[in-house]
Amino acid sequence: MRQLIDDPDIAAAGVLFEAAARLDRLLDRGLREQCGITHAWFEVMMRLDRMPGRRMAIGQLGEEMVLTSGGISRLVDRMVEAELIARKRSSTDGRSFLAVLTGTGQRRLKAAAVIHAQNVGREFTGVLGAKRTAAVVEGLELIRHRGDSR
(Lines give C-alpha, C1' and ligand atoms only; values in the text may rest on other atoms or scores of the structure.)
Protein backbone atom coordinates (compact mmCIF):
# COMPACT_ATOMS: atom_id res chain seq x y z
CA MET A 1 0.00 0.00 0.00
CA ARG A 2 1.44 3.38 -0.95
CA GLN A 3 1.53 6.27 1.48
CA LEU A 4 -1.21 8.80 0.71
CA ILE A 5 1.12 11.72 1.23
CA ASP A 6 3.35 10.28 -1.49
CA ASP A 7 0.47 9.46 -3.84
CA PRO A 8 1.47 10.40 -7.42
CA ASP A 9 -2.10 11.49 -8.23
CA ILE A 10 -2.09 13.95 -5.34
CA ALA A 11 1.38 15.13 -6.38
CA ALA A 12 0.19 15.66 -9.97
CA ALA A 13 -2.77 17.75 -8.83
CA GLY A 14 -0.46 19.71 -6.53
CA VAL A 15 1.90 20.56 -9.38
CA LEU A 16 -1.07 21.69 -11.50
CA PHE A 17 -2.44 23.97 -8.75
CA GLU A 18 0.98 25.40 -7.88
CA ALA A 19 1.81 26.10 -11.54
CA ALA A 20 -1.61 27.69 -12.11
CA ALA A 21 -1.24 29.90 -9.03
CA ARG A 22 2.26 30.98 -10.10
CA LEU A 23 1.11 31.71 -13.63
CA ASP A 24 -1.86 33.71 -12.32
CA ARG A 25 0.46 35.78 -10.08
CA LEU A 26 2.87 36.49 -12.95
CA LEU A 27 0.11 37.42 -15.39
CA ASP A 28 -1.62 39.57 -12.76
CA ARG A 29 1.62 41.42 -12.05
CA GLY A 30 2.18 42.06 -15.75
CA LEU A 31 -1.33 43.41 -16.29
CA ARG A 32 -1.14 45.60 -13.18
CA GLU A 33 2.26 47.06 -14.08
CA GLN A 34 1.72 47.41 -17.83
CA CYS A 35 -2.03 48.10 -18.09
CA GLY A 36 -3.27 49.22 -14.68
CA ILE A 37 -5.80 46.37 -14.39
CA THR A 38 -5.85 43.07 -12.56
CA HIS A 39 -5.92 39.65 -14.17
CA ALA A 40 -9.43 39.16 -12.72
CA TRP A 41 -10.59 42.38 -14.40
CA PHE A 42 -9.08 41.22 -17.68
CA GLU A 43 -10.92 37.88 -17.38
CA VAL A 44 -14.24 39.62 -16.69
CA MET A 45 -13.82 41.94 -19.68
CA MET A 46 -12.83 39.02 -21.93
CA ARG A 47 -15.86 36.99 -20.89
CA LEU A 48 -18.19 39.94 -21.46
CA ASP A 49 -16.60 40.75 -24.82
CA ARG A 50 -17.37 37.21 -26.03
CA MET A 51 -21.06 37.40 -25.07
CA PRO A 52 -23.90 38.69 -27.26
CA GLY A 53 -24.38 42.36 -26.45
CA ARG A 54 -21.20 42.19 -24.36
CA ARG A 55 -23.34 41.46 -21.30
CA MET A 56 -23.84 38.64 -18.82
CA ALA A 57 -25.82 38.05 -15.65
CA ILE A 58 -23.63 38.90 -12.68
CA GLY A 59 -24.53 35.61 -11.00
CA GLN A 60 -23.42 33.63 -14.06
CA LEU A 61 -20.23 35.67 -14.23
CA GLY A 62 -19.52 34.84 -10.59
CA GLU A 63 -20.05 31.13 -11.24
CA GLU A 64 -17.70 31.16 -14.23
CA MET A 65 -15.07 33.09 -12.27
CA VAL A 66 -15.55 30.73 -9.29
CA LEU A 67 -16.33 33.61 -6.93
CA THR A 68 -18.85 33.89 -4.13
CA SER A 69 -21.77 36.27 -4.60
CA GLY A 70 -20.00 38.74 -2.32
CA GLY A 71 -16.73 38.33 -4.22
CA ILE A 72 -18.29 38.99 -7.62
CA SER A 73 -20.25 41.94 -6.20
CA ARG A 74 -17.06 43.58 -4.92
CA LEU A 75 -15.25 42.88 -8.20
CA VAL A 76 -18.12 44.35 -10.23
CA ASP A 77 -18.33 47.39 -7.92
CA ARG A 78 -14.63 48.16 -8.46
CA MET A 79 -14.92 47.71 -12.23
CA VAL A 80 -18.03 49.92 -12.37
CA GLU A 81 -16.14 52.57 -10.41
CA ALA A 82 -13.30 52.32 -12.97
CA GLU A 83 -15.93 52.68 -15.76
CA LEU A 84 -14.85 49.41 -17.40
CA ILE A 85 -18.28 47.82 -17.00
CA ALA A 86 -21.77 49.00 -16.15
CA ARG A 87 -24.38 47.32 -13.98
CA LYS A 88 -27.83 47.14 -15.61
CA ARG A 89 -31.05 45.63 -14.33
CA SER A 90 -32.13 42.62 -16.37
CA SER A 91 -35.09 43.32 -18.64
CA THR A 92 -36.28 39.70 -18.32
CA ASP A 93 -35.78 39.26 -14.56
CA GLY A 94 -36.23 42.43 -12.56
CA ARG A 95 -34.40 40.93 -9.57
CA SER A 96 -31.11 40.23 -11.34
CA PHE A 97 -28.44 42.47 -12.75
CA LEU A 98 -26.20 42.27 -15.79
CA ALA A 99 -22.57 43.29 -16.15
CA VAL A 100 -22.11 45.16 -19.43
CA LEU A 101 -18.75 45.97 -21.00
CA THR A 102 -18.47 49.72 -21.61
CA GLY A 103 -16.70 51.45 -24.49
CA THR A 104 -13.89 52.32 -22.08
CA GLY A 105 -13.72 48.66 -21.07
CA GLN A 106 -13.56 47.55 -24.71
CA ARG A 107 -10.66 49.91 -25.40
CA ARG A 108 -8.77 48.87 -22.26
CA LEU A 109 -9.36 45.19 -23.07
CA LYS A 110 -8.05 45.60 -26.61
CA ALA A 111 -4.86 47.29 -25.38
CA ALA A 112 -4.39 44.83 -22.51
CA ALA A 113 -4.91 41.80 -24.77
CA VAL A 114 -1.75 42.65 -26.72
CA ILE A 115 0.31 42.86 -23.53
CA HIS A 116 -1.37 39.80 -22.01
CA ALA A 117 -0.67 37.69 -25.10
CA GLN A 118 3.02 38.62 -24.87
CA ASN A 119 3.10 37.74 -21.17
CA VAL A 120 1.28 34.43 -21.71
CA GLY A 121 3.75 33.59 -24.47
CA ARG A 122 6.73 34.36 -22.25
CA GLU A 123 5.44 32.68 -19.07
CA PHE A 124 3.38 29.74 -20.38
CA THR A 125 3.22 28.72 -24.03
CA GLY A 126 6.77 29.80 -24.78
CA VAL A 127 8.06 27.71 -21.89
CA LEU A 128 6.21 24.59 -23.04
CA GLY A 129 6.49 24.94 -26.80
CA ALA A 130 3.73 24.24 -29.29
CA LYS A 131 3.48 20.44 -28.88
CA ARG A 132 3.43 20.45 -25.09
CA THR A 133 1.02 23.38 -25.01
CA ALA A 134 -1.38 21.52 -27.31
CA ALA A 135 -1.15 18.40 -25.11
CA VAL A 136 -1.73 20.39 -21.91
CA VAL A 137 -4.71 22.23 -23.41
CA GLU A 138 -6.18 18.97 -24.70
CA GLY A 139 -5.86 17.35 -21.28
CA LEU A 140 -7.31 20.34 -19.45
CA GLU A 141 -10.25 20.49 -21.88
CA LEU A 142 -11.05 16.85 -21.00
CA ILE A 143 -11.12 17.77 -17.32
CA ARG A 144 -13.09 20.98 -17.89
CA HIS A 145 -15.82 19.22 -19.86
CA ARG A 146 -15.95 16.02 -17.82
CA GLY A 147 -19.51 15.31 -16.90
CA ASP A 148 -21.01 17.94 -19.24
CA SER A 149 -23.29 15.28 -20.75
CA ARG A 150 -24.42 13.88 -17.39
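You'll find the structure just up there.
The structure contained in this document is the topic of the report that follows. Within each chain, residue numbers correspond to sequence positions counted from 1 in written order. The predicted nature of this model means local features are confined to residues of pLDDT at least 70 and side-chain atom pairs, given and counted, to a pLDDT of 80 or more, with totals for whole chains, interfaces and linings taken over all residues. To obtain the side-chain values, all non-hydrogen atoms of the structure were used and water was disregarded.

## Describing the pairing of strand E3 (residues 97–101)
Now for step 1: For every residue, the accessible area obtained with a 1.4 Å probe (protein chains only) is divided by the maximum for its type, and the residue is called buried under 20%, exposed over 50%, and partly exposed between those limits. Helix numbers and strand numbers start at the N terminus; a helix is a DSSP run of H or I with at least 4 residues, a strand a run of E with at least 2. For E3, a buried count of 4 out of 5 residues is recorded, marking the element as mostly surrounded by other parts of the structure.
Now for step 2: In this structure, strand E1 (residues 55–57) lies alongside E3, joined through 3 bridges in antiparallel fashion. By the bridge assignment for E3, Arg-55 is matched with Val-100.
Now for step 3: Here, a strand pair is defined by DSSP locating no fewer than two bridges between the strands. Sheet topology note: the strand E2 (residues 85–89)/E3 ladder contains 5 bridges and is antiparallel. Within E3, the residue paired with Ala-86 across the bridge is Val-100.

## Considering a nonpolar patch on the surface
Now for step 1: Without a salt bridge and with relative accessible area above 30%, a residue can belong to a patch; like charges are then joined within 9 Å and nonpolar side chains (Val, Leu, Ile, Met, Phe, Trp, Tyr) within 5 Å. To measure how exposed things are, a 1.4 Å probe is used in the Shrake-Rupley method; for residues, cover is taken only from the protein chains shown. Salt bridges, as used here, are contacts in which a Lys or Arg side-chain nitrogen is within 4 Å of a carboxyl oxygen on Asp or Glu. Residues Leu-16, Phe-17, Val-136, Leu-140 and Ile-143 make up a contiguous nonpolar surface patch of about 460 Å² in total accessible area.
Now for step 2: Breaking the nonpolar patch down by element, the ones donating at least two residues are helix H1 (8–35) and helix H5 (103–144).
Now for step 3: No other element matches the 3 residues that H5 contributes to the nonpolar patch.
Now for step 4: Among the secondary structure elements, Ile-143 is positioned in helix H5.

## Side note on the side chain of Ser-90
Now for step 1: With respect to the secondary-structure elements, Ser-90 resides in the loop between E2 and E3.
Now for step 2: We define a polar contact as two N or O atoms separated by no more than 3.5 Å, with the added condition that, inside protein, one atom must be a possible hydrogen donor and the other a possible acceptor, whereas residues neighbouring each other in sequence contribute only through side-chain atom pairs. Looking at Ser-90, its side chain comes within polar contact range of the main-chain nitrogen of Asp-93, at 3.1 Å.
Now for step 3: Throughout, a residue-residue contact means that at least one pair of heavy atoms, one from each residue, lies within 4.5 Å. Contact partners of Ser-90, with chain neighbours within four places excluded, come to Ser-96, Phe-97 and Leu-98.

## Description of the nonpolar core
Now for step 1: Side-chain atoms within 4.5 Å are what join buried Ala, Val, Leu, Ile, Met, Phe, Trp, Tyr and Cys residues into a set we call a nonpolar core. Ile-37 and Met-79 are the most contacted members of the largest nonpolar core, which totals 24 residues.
Now for step 2: For this core, the elements supplying multiple residues, two or more each, are H1, helix H2 (39–49), helix H3 (58–64), helix H4 (69–81), E3 and H5.
Now for step 3: Take this core: its biggest share by element is 6 residues, from H2.

## Some thoughts on the environment of Met-51
Now for step 1: Of note, Met-51 is situated in the loop between H2 and E1.
Now for step 2: Distance in space between the C-alpha atoms of Met-51 and Leu-101 is 9.8 Å, their sequence separation being 50 residues.
Now for step 3: For Met-51, the residues in contact, after removing those within four places along its chain, are Met-56 and Gln-60.

## Here we look at unusual backbone geometry
Now for step 1: Phi angles above zero are rare outside glycine, and Arg-54 is one such case at about 50°.
Now for step 2: Residue placement: Arg-54 occurs in the loop between H2 and E1.
Now for step 3: Classification of Arg-54 as partly exposed rests on a relative accessible area of 32%.
Now for step 4: Here Glu-83, not a glycine, exhibits a phi torsion of approximately 65°, which is positive.
Now for step 5: With respect to the secondary-structure elements, Glu-83 resides in the loop between H4 and E2.

## Quick notes on the packing of H2 against H4
Now for step 1: Here, axes are lines fitted to C-alpha atoms. For helices the fit covers the stretch in contact, and angles between N-to-C directions go from 0 to 180 degrees. At a minimum axis distance of 11 Å, the contact between H2 and H4 shows a crossing angle of 85°. In this view, H2 runs roughly perpendicular relative to H4, as classed from their interaxial angle. Counting all contacts with H2, which are made through Ala-40, Trp-41, Val-44 and Met-45, the residues of H4 involved are Leu-75, Arg-78 and Met-79.
Now for step 2: Polarity classes work like this: nonpolar for Ala, Val, Leu, Ile, Met, Phe, Trp, Tyr, Cys and Pro, charged for Asp, Glu, Lys and Arg, and polar for all others, with Gly in that last group. Each residue belonging to the contact of H2 with H4 can be placed in one class, and the counts come to 6 nonpolar, no polar and 1 charged. For classification purposes, angles smaller than 35 degrees are called roughly parallel, those larger than 145 roughly antiparallel, those between 65 and 115 roughly perpendicular, and all remaining angles oblique.

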